[in-house]
Structures are given as structure tokens and as C-alpha cells.
Amino acid sequence: MPAARRAALSWLEREQVFKWLPFVPVQALLVFLLLPFVLLVYLSLVSWRITRGVWWHAPFVGAANFAGAVQDERFVWAVIRTFGFAAAAVPLELGLGFGLALLCRERFRGRRFYTTLFLLPMMIVPAVVGYDLSMLLIDQGPLNQILSLLAGRPVTVRWISDYRMAKAAIVGADVWQWTSLVFLIVLSGFAGLPPDPIRAARAMGASRWQIFRYVELPLLKPVLAIALVLRSMEALKIFDYPVLLTEGGPGNSTETIAVYLWRVGWDFTRVSDAAAMSLILMVVVVMYTVIAIHILRRERRQLAEEAAR
Amino acid sequence: MAGIRLAGLTKAFGASRAVDGVSLDIPDGEFVVLVGPSGCGKTTTLNMIAGLEAPTAGDVYIGGERVTDREPRDRQLGMVFQSLALFPHMSVFDNIAFPLRIRKTPPAEVRARVEAVAETVRVAPLLGKRPATLSGGEAQRVALARTIVMRPRAFLMDEPLSSLDARLRVEMRTELKRLHATLRATFLYVTHDQAEAMTMADRIVVMQYGVVQQVGPPLAIYADPVNHFVAGFFGVPPMNFVAGAFAADAGRLAFRAAGVTIVLDRPAEAVTAHDAVLGVRPEHVRLRDGTGGWTATVSLLEPLGDETIVFLDYGGATSIVATVDPDEKIAVGDRRRFMFDQDKLLFFDGTTGERILR
Amino acid sequence: MKRRWLVAFVRHAILLAWTAVTLIPVYWMLNTSFKHSGEWVTWPPHWFPEQPTLENYAQVLTPGSTIFELGRQTLKVLKPLWDSLFTATASALVAVALGSALAYSWARFGTGGKNYPYSVLTIRMLPPIVIAVPFLVYYVSLHLLDTYAGLILVYIATSLPYVIWMMLAFIEDVPSELESAARVMGASRFRVLSSVVLPLTVSGLVATFLFVFILNWSELLLALTLTNTQVSTIPITLNKFQSVNEGRDYGPQAAIGAIATLPVVALGFLIQKHLVKGFSFGLLRK
């Protein structure tokens, strides 16, 4: 039936139809995945454990789960700890990544070698990174050996069993893996700097430092913003490293939000408590997301205006 | 081959109207240039004719058929774009063959037609190349070939020469005109360059703010503009404008402005508008020795070789520009007298800009 | 002259130090993966295997399934490798197809409104643990728990934001006049996509595909939540190994790490240039 097929095709061709074609499956998928959020709210209002009957028979308890979550010291500490990890790791990643990119921005012998090699960590499976570091950090491991060599005397840092050092190890794992991403982003930011304003500044007699401070740095702002938004978002999700490196320990000293929620939901099977905590976490993240998206939109708009000029 | 007719074509974006009620009749075989400053709606008009944008109101007819609701591919028009829009991932041959292959033309015929067209626009040696390796002029010809090969009912061109350097642009103008003569097809050409419009068009359509200001042959528009905008748009250097007002002078009409008073050969009642603008083209400003006219100081000279442009400070807000013979003995700082050719003076309403006293 | 030498010296000293930091962990994994069990933990640690062996690789790559016995286990990764390969490939394919079509529609027609790509981005910003809890219950009811389809559906959704943003950067690079030209010359909208847009964004599509593939290949938390025994990806397997086996089978684990990492690193270097676009959210100057 070529006529019918032609008619169908020309209907699909109409702009009002055509432009919505990809939206149908995507929105369907999103709706399909949105239902669990309704479920999340429901679960947070009842008292249910995986081991206790079917969920739709669970008794309604109102805000009790939320009250419990806020009073759960372990949860509160996991939140504080996660933000602490992010606050320690993200500035380090930004600083190191920016510094390394600064050293690699101009041409010199060996530049290709360094820039290629520095990208390696971000391509490694995070679970593998966590596991790999667990080998390096054992008490009689290569890291302590290197430190002993550097110090000239035996050094035995208990990286995994000391609660302070374990925290440092988690931050270290994040920094090791994700400095590479910041490096990549900033390096391409440098590559995209428009040459004319810098030449103009040089012609006006600006020093190298002045050019950097007053011309290049402001031009790099969007790129730095993206690195900051991306990294702080991801740092709040830390899960793989504690699970594989320290298993949240010693004690609960490296238990992040994700790890604790995982334990509450799966190991302790307190699904309703986990749901309430998830909702609290979601509110925090949504607030953060609104800020992040605002930054993104502002920078994109500014770039578009620049391009239009 | 077909003519194009637009009836009340309108395109609104929100509250603003990019194109506002454009009606136009282009007979088969005519070379029409749509000209105006950027943002005047000329490209939107062209896109609506091609079917790339849907009009808010109004209709497009091609060869007498209403095509307003048809997809671009069903309109059989040839279009050359500002960026030329050659497909970078295809060879020149494949670029020219593209419209034929879309229509499932047999390969042998594709080859024959592509080669024939390549011959006419002199791109035959380039067929194996990629667009990125072509010079500006070559790319231009390929874009034309790709349009000609599909034997469109009419040609639409959207500033196709703007990417070329000045000399090549002048050459291509001549070539396009020659092409039009050979093909005898309808050409609708959009540009912001008044020189392109003047040199190529059978008829010019001047647009501003989405509205057609004037339609006519180039020389008629140049000599007899309907308003201040059209008058100022054509001509290099542009027309001189002197703001002033009408007054009665012993029963006759007089135009008074700072430093200049012109008594016209008309009764005082000929005009009611008080504020007015005098327009006079530089070639109608005469430098003279002796008496008569007004005095001015020569403030700037721009010798062009075939003529010299003279800026005269006469006491008004702006200088009067005149073109004079290159052999004229003149220097900056000279005090000279000047006059206008009385029969070439144009007057415009001071508020609406409309031509008065025609 | 002297100053320039000093600058070069300092530069290389710092960069070499970071090179060491970057390489040592990777090297240590490879090193351990070639060691016999007696050399896994020694003092001082061995920087080269004294008797290099492939037995760790041989062990994990033999067919069969992982056996957990008292205190010890024999790990087999052929099934997890296949599971990872299948879920990551299938989800990347679908996500790239849907996401790039969506990105195209948004870039050309503004479908879904000015903020659509930003709102899609929130999917990515949500910590996966938040959706993990309800998904468990949801998937149990739908019989999707521990199935390929269940994991792939979630991966498609979490990949979409990156696909959309990465492809936006490539699609915005295609001049829309090319598409108009093709349409005026008689091409249908679908023909425009296949003859003009697709060939011009093919490198972007490949890069995006590989990128999303790596993302899903590496994912741990959702896989841990939504799958268990029937489906078991590489990261989960590694995790199971780590938590079950207190004795720590360093050698086989290192071999799994190497197997999981090397192909991805190879792919990553292939798309290195395009990787930035994916992370740039259209904020890079050209």
C-alpha cells in the first residue's frame, strides 16, 4: 500500500509531529521511572521491612520515619561526613587539576606524554580504583614502603584501620581519580581562550600575571564553573571507594550517605527508614541542583551573547 | 519555469512582525532583487517562499498554484544560501547529484546531467574534489550548479555573494546576470547590498521593518524614491539630507534650513507640512565660482580616481557631500560656493519621511 | 637563559611527580596480577613478580560460575564480563539513539521548551542511592529485579542526560542551512537526517556511545541494587569478592581489575578529544 505509506510518512514529516517523535519514548521511559518516586513517598510514610509481609499491608506511621531519621545520629553523621569529604576532595581536585593544566598549557617537549597520561585515572572503573588502592594501602604495602624510603626511617601508617587515615584514603581515592577530569576540562578551557583579547592586553603593556589575572581567568570562568558543579555533584554520591576500600570502617568512620542508606535498606532491611532518609537527601540535592543549573544556564547564556556579538 | 506570487504574506514572532503583509507578483522569467537592511524581513520572506518557515498569514503561489502548506521538497524551487551550504562530507559531484538522487533519477542520467551542468558553470575539473578544498568562487559555482541541475521552477538566492571578496563579487554579479539570460528563469535574489540590487535587478523590491517600501526598476527607484528611507538606501556616496521647514516667500514656497534657503517655483499653498527634509544626491551638488548659491569650506577630500568626493561645511548640522571631476583644482580649507540642481531636489515630510511635492 | 632552564626543571619535576602518582596504582595492579599467591603480600613488597605467572588470569577466565566455599572462593568472570558487555552496550545504543534524536529536536525546534535539557540533567544530579530504595520494591512487583531489561532501562535513563548534552554540542556544530538546502532540494526530513545530519555527527555519535558505554560499564551502586545472581556485572563481582573473602585473593582480583580496565582505557583514549565536549555542557569556546 504505497499510498497509505506515503500518507503516513508525510504525516510524520509535519514539523508539529516530527519534532515530538523522540519525546514519546523518552517521556514514556521517564514516566515509567517516575513511578518509583511516588512509591518512595508512600514507603516513607509506612512502616515496612523487606522481611515483614507485603508492602501494601504495612501500617501507616506518618512522619515517624522522618523523625527517626533526623534523630538517627549515624545518619546525621553520614551526611556531615559526606559533605566533609566533598569539601576536602573538590578543592584539592580543582587546585591540582588547574595547576597541572597551567603547567601543560604551552607547548614543550613531553607535553603530549603528560597530557595523555594524566587522563588515565578517570577512565578506570571506580570500583577497581577502590580495590586497587586497598592493595597499595595495606600496612605492609608499597605506599608505606615508598614513604619509608622518602623519610629515611620505617613508616607504618595504618591507612585502612586508623579512622583518620581511612578518611584521608577515601579523599585520596577521589582526588586520584578525578583530578584528571578537572585537568582535562581546564586544559581544553585554556585551548579555547580567544587569542585577540590576550594580544590586546599584551599590546597595552600588561604583565604575564596581569594578563592571567584580569584576562584569562575571567575568560576561564565558565569552564571552572562546570568543573566545580560537576565534581561537587559527584562527590556527594561517593559510594564505590568506601565500599571497596574500607567497607565504611573502621567503625563508621568512612560511612557516606550512600553507604549508610545502602546498609539501612539492604543489610538491615529497614526499607521505610531508608525511604525517609532518601527523601530528606533528595530535598538537599534538589536545592543544590537548582543552584547548579542556575550557574550552568547563566554561563551558557553569557557565552551565547558573547558569540552573537 | 514559473512565476511567484505573494499575497499578504506575514510572519509574526510573538508580538513583533518580521514580515508584515507582503504582496508581490513576480512574472515568469523576471530577475527580482529583494533589498533592505539586515533584519528587514527579506530572508524570512524568502524562507517562507521556499517553505522553510511557515507564514502566520498570507499565501504563496508558484506558477499560479497555492503552495503555502506544501513541504519545501514539493515546491521544486532552487535555493542558494548565504553560506552556500555545500555538504562538506560529499564530493562536488555528489553535491551536484544530490537533488537528482533524492528523486531516484537513474544513475546514467544523473551522471549525464551533472556533467552537463558542470560544463555550463565551468566546474567540470572540480567534480572529484571536496568542498573544503574549493576557493570562494569555485564553491559559488558549485552551489549554483547544484541548484541548476534540478531544473527548478524558480531560483531563490539568499545573499549568495556575501562570502566573496570585493572583486570576485563584482565578477559573479555579471555571471549571475548572464546565467539569468541563458536560463530565462525566475530569479528572486535577496541582498542588503544596494549595488547588487541596482546592477542585477529587472525590478527591485525595497523592504524595511517587514514592509515593502517600493517596487520598481532600478533607475526609477534611484531617481524617484517614495520616501526618505528608500532615497537614503540607494547611491554611493548616499544622498544629502538637510532638515528644515517650509515657509512662504512672497507668495511662493520656500525651504529654509540653517545656511540654506531655496525659493521654489511653486505657490506657497502647495504644501501643508511645515517641517521637511531636503534630499539631494551628491552628483547634483555643483561647485561654482563667482556669485549665487551658498558659501562653504572644503573640510575633507576623498579622491576615488574617476571622481572626487568633497565634504562641504556650510553651517548646517552635517556636511554637504558633492562629487566633482577629479581634475577640479580643490584643496581642504578652500572657500567655495555651491548650488543644487533645482530640478533634482526631493522633499520629504519631516515627521513621516514620505515624499512630498512630487 | 638560566631562568628558562630553571622553569623547565621545576615544570618537569612537578609533572613527573604527578606521573608517578598516576602510574603507581595502575602499575601495582598489573604487577600483582602476574604474581603467585606467595608474593601478594611481602615485606618489602616486590615491585616485579619474581616468577611471573598467568595463573590469575587463567583462573578468572575459565568458564563456569563463581563458587563460594568456606573462607575461599574461586572467581570466574566470563559471565560477568558478558553481563557487563551486554548491559553497557544495549543501554548505550538505546540511550544514544533516543538522546541524540531528542537533542536534535530540541536544538532545531526547541521542543520541550527552553529548559528541557536542564531538567533532564537533574536525573544525573540525583544520587542513585535515592532511587535505589523504591526501585527495589518497584522492580520486585514488575518482576524486573535481577534481569537485563531492568538494569538496562535504568541505565538508559541515567545515560540520557549525558547523551543529550554531548550530542547538543555536536549537533549545534552542523549549520542549519545545510539541512534547509537538502530540504529545498527535495529531501524529506528523514532523508535530511540520514544524508546530512548523521554523516556530519558520526564522530560525535561514536564518542558519545563509547563514553556512555564506559559510564555504564563502571556503574556499581545501581547494579548492586537491581541485580544480584542472574545478572552480575564486573563491578559487582569485584565487590562481592572483596566483601566475601576476608583473606583477599589479591592476584585474581588484580587480574579482574586489569581485564575490566584495559579495554575501557583503550576506548577512552580513542575518544579523548570528544570527552571534553561531553563534560562541557556547551560551555567551551570553539
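In this text, all values refer to a predicted model and were calculated from it rather than measured experimentally. (Residues numbered from 1 in each chain as written. Chains lettered and ligands numbered in written order. Predicted model: local features only at pLDDT ≥ 70, side-chain atom pairs only at ≥ 80, totals over all residues. Heavy atoms only, no water.)

1. Some thoughts on the overall build of chain B
For step 1, the next point in the chain: In terms of regular secondary structure, chain B is built from 8 helices and 21 strands.
For step 2, the next point in the chain: Reported as C-alpha extents along the three principal axes, the dimensions of chain B are approximately 80 × 45 × 35 Å.
For step 3, the next point in the chain: Scored against the burial criterion, the 358 residues of chain B give a buried share of 53%.
For step 4, the next point in the chain: Put simply, of all contacts in chain B between residues at least 6 apart along the chain, 64% involve residues at least 24 apart.
For step 5, the next point in the chain: Put simply, chain B has 40 plus and 42 minus side-chain charges, and the middle of one group is 6 Å from the middle of the other. (Helix = DSSP H or I, 4+ residues; strand = E, 2+ residues; numbered from the N terminus. Buried < 20%, exposed > 50% of the residue type's maximum accessible area, 1.4 Å probe, protein only. Contact = heavy atoms within 4.5 Å. Lys, Arg positive; Asp, Glu negative; His and termini not counted. Charge placed at Lys NZ, Arg CZ, Asp CG, Glu CD.)

2. Some thoughts on the interface of chain A and chain C
For step 1, the next point in the chain: Listed as interface residues are 103 residues of chain A and, on the opposing side, 100 residues of chain C.
For step 2, the next point in the chain: Buried surface at the junction of chain A and chain C, both sides included, amounts to about 9,600 Å², of which 77% is carbon and sulfur.
For step 3, the next point in the chain: On the chain A side of the contact with chain C, Met123, Tyr131 and Arg300 of chain A bury the most area, a combined 8% of that side's loss.
For step 4, the next point in the chain: In this assembly, chain A and chain C are joined by 2 salt bridges.
For step 5, the next point in the chain: Our count for the chain A to chain C interface comes out at 12 residue pairs in polar contact (both at pLDDT 80 or more). (Buried area = accessible area lost by both parts, 1.4 Å probe. Salt bridge = Lys/Arg side-chain N within 4 Å of Asp/Glu carboxyl O. Polar contact = N/O pair within 3.5 Å; in protein donor to acceptor, adjacent residues only side chain to side chain.)

3. Considerations on the interface of chain C and chain B
For step 1, the next point in the chain: With 17 residues of chain C at the contact, the number on the chain B side is 24 residues.
For step 2, the next point in the chain: For the pair chain C and chain B, the two sides together bury roughly 1,800 Å², of which 69% comes from carbon and sulfur.
For step 3, the next point in the chain: Among the residues chain C hides against chain B, the three largest losses belong to Glu177, Val184 and Met185 of chain C. Together they make up 40% of the total.
For step 4, the next point in the chain: Linking chain C with chain B are 1 salt bridge, by the criterion used here.
For step 5, the next point in the chain: The closest approach of N and O atoms between Glu71 of chain B and Arg183 of chain C, which form a salt bridge, is 2.8 Å.
For step 6, the next point in the chain: The element best represented in the side of chain C that touches chain B is helix 7 (residues 176-184) of chain C, accounting for 7 residues.
For step 7, the next point in the chain: Looking at the side of chain C that touches chain B, its residues break down into 9 nonpolar, 4 polar and 4 charged. (Nonpolar A, V, L, I, M, F, W, Y, C, P; charged D, E, K, R; others polar.)

4. Considering the sheet that holds strand 15 (residues 285-288) of chain B
Residues and elements named next belong to chain B.
For step 1, the next point in the chain: Pairing is antiparallel across the open sheet formed by 5 strands, whose spatial order is 15-19-16-17-18. The open sheet is flanked by strand 15 and strand 18 (320-324), the only strands paired with a single partner. Within this sheet the neighbouring strands show an average axis-to-axis angle of 50°, counted without direction.
For step 2, the next point in the chain: In this structure, strand 17 (residues 308-313) lies alongside strand 18, joined through 5 bridges in antiparallel fashion. By the bridge assignment, Phe311 is partnered in strand 18 with Val321. (Pairing = 2+ DSSP bridges. Axes fitted to C-alpha atoms, helices over the stretch in contact; angles between N-to-C directions.)

5. Topic: the packing of aromatic side chains
For step 1, the next point in the chain: As enumerated under the stated definition, the model contains 40 aromatic pairs over all chains in all.
For step 2, the next point in the chain: On the numbers, 5.3 Å between centres and 85° between planes, the contact of Tyr162 of chain C with Phe211 of chain C is edge-to-face. On the criterion of sequence distance, the pair formed by Tyr162 of chain C in helix 6 (residues 148-171) and Phe211 of chain C in helix 8 (residues 189-218) is long-range, its members being 49 residues apart.
For step 3, the next point in the chain: Classification of Tyr162 of chain C by relative accessible area gives buried; the value is 4%.
For step 4, the next point in the chain: Residue class for Phe211 of chain C comes out buried when judged on its relative accessible area of 5%.
For step 5, the next point in the chain: Among the aromatic residues, ring-to-ring pairing joins Phe108, Phe113, Tyr114, Phe118 and Phe183 of chain A into one connected group.
For step 6, the next point in the chain: For the cation-ring pair, Arg164 of chain A lies above Tyr163 of chain A, with the distance from its terminal atom to the ring centre recorded as 5.7 Å.
For step 7, the next point in the chain: Positioned above the aromatic ring of Tyr118 of chain C, the side-chain terminus of Arg297 of chain A is 5.7 Å from the ring centre. (Phe/Tyr/Trp six-rings, centres within 6.5 Å; stacked < 30°, edge-to-face > 60°. Lys NZ or Arg CZ within 6 Å of the ring centre and 35° of its normal.)

In short, the description is geometric, and any link to function would need to be established separately.
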